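Observations on the three-dimensional arrangement
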Amino acid sequence: MERASSMQIGIIGLGRMGANIARRLARGGHDCVVFDRSPDAVALLSGEGMTGVDALESMAGALAAPRIFWVMLPAGDPTEATIQRLVQIAAPGDVVIDGGNTFYKDDIRRAKLLADKGLHYVDVGTSGGVWGLERGYCMMIGGEDETVRRLDPIFDCLAPGRGDVQPTRGRDVADDRAERGYIHTGPAGSGHFVKMVHNGIEYGLMQAYAEGFDVLKTKNSDALPQDERFDLDLRDIAEVWRRGSVVSSWLLDLTAEALVSDPSLEQFSGRVADSGEGRWTIHAAMEQAVPVNVLSAALYARYRSREEHSYADRLLSAMRFGFGGHVEIPQ
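Quick caveat: nothing in here was measured; it's all calculated off a predicted structure. (Residues numbered from 1 in each chain as written. Predicted model: local features only at pLDDT ≥ 70, side-chain atom pairs only at ≥ 80, totals over all residues. Heavy atoms only, no water.)

**Comments concerning the pairing of strand β2 (residues 31-35)**
Among the five residues that make up β2, four are buried, leaving the element largely enclosed by the rest of the structure. Examined bridge by bridge, strand β1 (residues 8-12) and β2 share five bridges and lie parallel to one another. Residue Gln-8 lies in a different strand from β2, and its bridge partner there is Asp-31. Read from β1 through helix α1 (residues 18-27) to β2, the crossover connection turns out right-handed. In this structure, β2 lies alongside strand β3 (residues 51-52), joined through two bridges in parallel fashion. Looking at the pairing, Val-34 lines up with Gly-52 of β3. The handedness of the β2 to β3 crossover, carried by helix α2 (residues 39-46), is right-handed. (Buried < 20%, exposed > 50% of the residue type's maximum accessible area, 1.4 Å probe, protein only. Helix = DSSP H or I, 4+ residues; strand = E, 2+ residues; numbered from the N terminus. Pairing = 2+ DSSP bridges. Right-handed = clockwise from strand over helix to strand, strands pointing away.)

Here it is in structure tokens:
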């Protein structure tokens, strides 16, 4: 696909991911206009050479038509209110991108609303967490084909690129975007739907690691016969599994780092939050009559963790903090 030159884009929401998305785009030569309800967050990025504004209306005035607004806010009311305001101040031809973890049915509704106003809506399921600035962001993108292609320089800049990951053997397709770390999944809502299932799978993978390491840790229990007790070094086990094992992954890398810094994981209580996507995945599975035994069990384990806390729960909290900077539910 042909790559275009730099583009101008407004970034709304400068939290853990929004600020780094703006930074990665700016490093790639794109012109970023940034806004957040926190003046300090705006001032910080203004000091890094971006154009800071104090209101959405000011952002609209600073962007050249057709404007591109990227909303990077928590799902629910913050995103809904912001997009409703953008509908009022945007002009026909402008694009509104939602890069948060929005429920996909909300995307479908919003896309229809914006289309009636002559606006374009794109939903971007964005994975990469606090590491995205350096590693890049894996993106699953829903929206009109023409609009998504026009935005390609932005997505290409944010994506990880091919790196040292070899293409899947036998894969021979003209569209290489998946190999660069992003895909156009289909119409509005499809990007966040794919990201929703991605996060549901993430729950299951994390739960499997957490439970497995809990079994390893408790192998020296006083309840076992003396000759069946093993005092296993979880740090070494995590490290060796990272090298050539079929269970190696980035989540395992984060597990290994957590165990090195704090083997007992005492800094975590084990009250594991869920940000919504796991529940939505289960709901979708029910609507589609698809059994998701592992994903359901992983979600219910998070609910249970808020009543009683195990080593597995503390490891789940450590992984969530590792990839996304997520803090635990307060006691």
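**Topic: the pairing of strand β7 (residues 138-142)**
Across the five residues that make up β7, a large majority, four, are buried. Two elements, strand β6 (residues 120-127) and β7, share five bridges in a ladder whose sense is antiparallel. From the neighbouring strand, Asp-123 faces β7, where its bridge partner is Gly-142. Bridging between β7 and strand β8 (residues 182-186) involves four bridges; their strand directions are parallel. Each bridged residue has a counterpart across the sheet, and for Met-140 the counterpart in β8 is Ile-183.

**Description of helix α5 (residues 104-116)**
Relative to the 18 Å expected for 13 residues at 1.5 Å per residue, α5 spans 19 Å between its end C-alpha atoms, a close match to the ideal helical length. Among the residues making up α5, those that are buried are Tyr-104, Asp-107, Arg-110, Ala-111 and Leu-114. Viewed along the axis of α5, the buried residues span an arc of 110°, placing them on a single side of the element. Among the exposed residues of α5, those pointing more than 90 degrees away from its buried face are Lys-112 and Asp-116. Check the buried side of α5 and you find it contacts α4 (77-89), β5 (95-98), β6, α10 (190-217) and α13 (277-287). Phi for Gly-118, located one or two positions after α5, is positive at around 80°. (Expected span 1.5 Å × (residues − 1). Arc of directions from axis to C-beta. Contact = heavy atoms within 4.5 Å.)

**Re the packing of aromatic side chains**
Applying the stated rule across the entire model yields eight aromatic pairs. Measuring from ring centre to ring centre gives 6.3 Å for Phe-155 and Tyr-182, while their planes differ by 45°; the resulting arrangement is tilted. One end of the pair, Phe-155, is in helix α8 (residues 152-158); the other, Tyr-182, is in strand β8, and 27 residues separate them in sequence. Residues Phe-155 and Tyr-182 agree in their burial class; the two are buried. Among the aromatic residues, ring-to-ring pairing joins Phe-103, Tyr-104, Phe-193 and Trp-280 into one connected group. When the ring centre of Tyr-311 is taken as origin, the NZ or CZ atom of Lys-217, which lies over that ring, is 4.9 Å away. Of note, Lys-219 hangs over the ring of Phe-230, and the distance from its end group to the ring centre comes to 5.4 Å. (Phe/Tyr/Trp six-rings, centres within 6.5 Å; stacked < 30°, edge-to-face > 60°. Lys NZ or Arg CZ within 6 Å of the ring centre and 35° of its normal.)

**Things to note about the packing of α10 against helix α11 (residues 234-241)**
Pairs of packed helices are described in terms of their axes, by the angle between the two and the distance that separates them. In contact at an axis separation of 11 Å, α10 and α11 are set at 135° when each is read in the N-to-C sense. As judged from the angle between their axes, α10 and α11 are oblique. Pair α10 / α11 crosses with right-handed handedness. On α11, the residues that touch Phe-213, Leu-216 and Lys-217 of α10 are Leu-234, Ile-237, Ala-238 and Trp-241. (Axes fitted to C-alpha atoms, helices over the stretch in contact; angles between N-to-C directions. Parallel < 35°, antiparallel > 145°, perpendicular 65-115°, else oblique. Left-handed = near helix turned anticlockwise from the far one by under 90°.)

**Structural notes on the environment of Ala-258**
Its location among the elements puts Ala-258 in helix α12 (residues 250-261). By relative accessible area, Ala-258 is classed as buried at 12%. Measuring from C-alpha to C-alpha, the distance between Ala-258 and Arg-235 comes to 8.9 Å, with 23 residues separating the pair along the chain. Look past the residues within four positions of Ala-258 in its chain and what remains in contact with it is Pro-263, Leu-265 and Ala-318.

**Digging into the sheet that holds β3**
Spatial ordering of the open sheet is given by β3-β2-β1-β4-β5-β6-β7-β8, a layout of eight strands whose pairing is mixed. Each having just a single partner strand, β3 and β8 make up the two edges of the open sheet. Of the strands in this sheet, β1, β4 (68-71), β5 and β6 touch α4, which is tilted by about 170° from β4. α10 contacts β5, β6, β7 and β8 of the sheet and is inclined by roughly 15° relative to β6.

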